[in-house]
Amino acid sequence: MKRLFLIFFLLTSVANAQTTTNISQYGITWTFADSESYGQFANGDYWVIHPVTINSITPTQTSTRNGTEVNPTASGDQGFDERANNFDSGLQISLPWSSSGSAIQSVVSSDSAAEGSSSPYLDNVSVLTVLLSSPPDDGDYLFRPGYCGTDKTYYYTTDLQTGELQTIETTETGETFATLEGRFERPQIEIGEGATNRRLRAANNMYNNYAPANAGQLNEAIAKLSGDWTVSEKNDLLIYVVQAGIDRYNAALSGQTWPAGGGHQPGHKINIVFAGYMLDDADILDEGLETYFWENRLIQNALWGAETTETDYWDNVTR
């Protein structure tokens, strides 16, 4: 009887599995050679199961635009758009592309801005993750593994220390949850260093391609998460902000140091620390507490090279 039940369970699971021949998200469409099992992580990004072959990606990759990389590194060259620094077309994937099956792979695809556009040179970036097996609970409680490099550690929303969130009474609400969720829902892609990074911060993914402006939005989001609202009201924004912190931690593991470059660099540290604190993860916290180059200049130099008031300065800089 147990054997019959197990067979029934397996057949039911297979029958109920979602399959598709293409997935679209944030201006990117991946088309597969066969119908593939798929699902979504807690933050809404998609996963598929190895083996998978991607026949085509829209918009179409050229030798200089709309690049796709697998497990890109946060430092060094990039294969997304020739107009940004350190371009290397050799980093782009060749289609059709088939997953290797030896490890989880992050397919990071871009949609380049129109010809003649000024920086940033990308409009959209989306991440498709190829897993080796179906994730627990179909990924409902799983953060997307970091898109950079080969470290694909699983982190779960069930590990979030929501009881540690502050509930500070405030007399003004600032931005709404819906507005802040819209600013952090998409992958907060960080590729390259300094000016390269700024030129590749996709216009529709990031609030701004200038780091101090993004830092201010991150401050606003974390402040909102510390306000006197219920955990349920905070849930979506919390997931998006922690996902961004996981990605920035992952970027640091793959070589990102946020080095000299003034205003190109601030605003990342608090995101890593916040994610580590909320997940109660010592490795993420330790990385977040590292000292990055730009912190050494904090006292003597304005980080973005423009005169400003002291209030504006601290509103836009996050240590």
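Residues numbered from 1 in each chain as written. Predicted model: local features only at pLDDT ≥ 70, side-chain atom pairs only at ≥ 80, totals over all residues. Heavy atoms only, no water.

> Any chance you could break down the overall build of the protein chain for me, citing the residues and the numbers?
When its secondary structure is counted, the protein chain shows eight helices and eight strands. A burial count over the protein chain gives 49% of its 319 residues as buried. A separation threshold of at least 6 residues defines the contact pool for the protein chain, and within that pool the share at least 24 residues apart is 65%. Of the roughly 14,500 Å² that the protein chain leaves accessible, carbon and sulfur atoms contribute 47%. (Helix = DSSP H or I, 4+ residues; strand = E, 2+ residues; numbered from the N terminus. Buried < 20%, exposed > 50% of the residue type's maximum accessible area, 1.4 Å probe, protein only. Contact = heavy atoms within 4.5 Å. Areas by Shrake-Rupley, 256 points an atom, 1.4 Å probe, with all protein chains shown as cover.)

> Account for the nonpolar core, naming residues and giving values.
In this structure, Phe143, Leu237, Leu238, Val241, Val242, Phe274 and Leu279 are the most contacted members of the largest nonpolar core, which totals 27 residues. Top contributing element to this core by residue count: helix H5 (residues 231–253), with nine residues. Excluding residues within four positions of it along the chain, Leu279 makes contact with Phe143, Tyr155, Tyr156, Asp159, Leu160, Val242, Ile246 and Ile284. Counting 15 residues, the second-largest nonpolar core is a separate cluster that includes Val127, Ile189, Ile191 and Ala251. (Core = buried A, V, L, I, M, F, W, Y, C linked by side-chain atoms within 4.5 Å.)

> Could you give an account of the pattern of salt bridges, with specific residues and numbers?
Overall, the coordinates contain nine salt bridges when judged by the stated rule. As a salt-bridge pair, Arg65 and Glu115 come within 2.9 Å of each other at their nearest N and O atoms. You can see Arg65 sitting in the loop between strand E4 (53–58) and strand E5 (68–70) and its partner Glu115 sitting in the loop between strand E7 (105–112) and strand E8 (122–131), a full 50 residues away along the chain. Taking the relative accessible area as the measure of exposure, Glu115 reaches 59% and is therefore exposed. One salt bridge connects Glu190 with Arg248, and the closest N-O pair in it is separated by 3.1 Å. (Salt bridge = Lys/Arg side-chain N within 4 Å of Asp/Glu carboxyl O.)

> Hey, could you go over the packing of aromatic side chains for me, with residue numbers and the actual values?
Under the definition given, this model contains three aromatic pairs. Ring plane angle 85 degrees and centroid distance 5.6 Å describe the contact between Phe177 and Trp229, whose orientation is recorded as edge-to-face. Here Trp229 lies in the loop between helix H4 (211–225) and H5 and Phe177 lies in helix H2 (residues 177–184), a separation of 52 residues in the sequence. Looking at Trp229, the relative accessible area reads 21%, which means it is partly exposed. Here the basic side chain of Lys224 rests over the ring of Phe177, its NZ or CZ set 5.0 Å away from the ring centre. (Phe/Tyr/Trp six-rings, centres within 6.5 Å; stacked < 30°, edge-to-face > 60°. Lys NZ or Arg CZ within 6 Å of the ring centre and 35° of its normal.)

> Report on H2, specifying residues and quantitative values.
Note on helix geometry: an α-helix contains 3.6 residues per turn, so any two residues three or four positions apart are oriented the same way. Along H2, the residues classified as buried are Phe177, Leu180, Glu181, Arg183 and Phe184. All buried residues of H2 lie within an arc of 160 degrees about the axis, which places them on one face of the element. Residues of H2 that are exposed and point more than 90 degrees away from the buried face comprise Ala178 and Gly182. Packed against the buried residues of H2 are H4 and H5. (Arc of directions from axis to C-beta.)

> Which residues make up the environment of Ser112, and what are the values?
Position of Ser112 among the secondary structure elements: in strand E7. Judged by relative accessible area, Ser112 falls into the buried class, the value being 10%. In the structure, Ser112 is positioned 46 residues away from Asn66 in sequence and 5.0 Å away in space, judged by C-alpha atoms. With near-sequence residues (within four places) excluded, Ser112 lies in contact with Arg65, Asn66, Phe80, Asp81, Arg83, Tyr121, Leu122 and Asp123. A distance of 2.8 Å separates polar atoms of two side chains, one belonging to Ser112 and the other to Asp81. (Polar contact = N/O pair within 3.5 Å; in protein donor to acceptor, adjacent residues only side chain to side chain.)

> Describe H4, listing the residues and the values that go with them.
Over its 15 residues, H4 runs 21 Å from end to end, which matches the ideal 21 Å to within 8%, given 1.5 Å per residue. When you tally the buried positions in H4, you get 11 out of 15 residues, the bulk of the element. The set of residues buried in H4 consists of Ala211, Pro212, Asn214, Ala215, Gly216, Gln217, Leu218, Ala221, Ile222, Lys224 and Leu225. (Expected span 1.5 Å × (residues − 1).)

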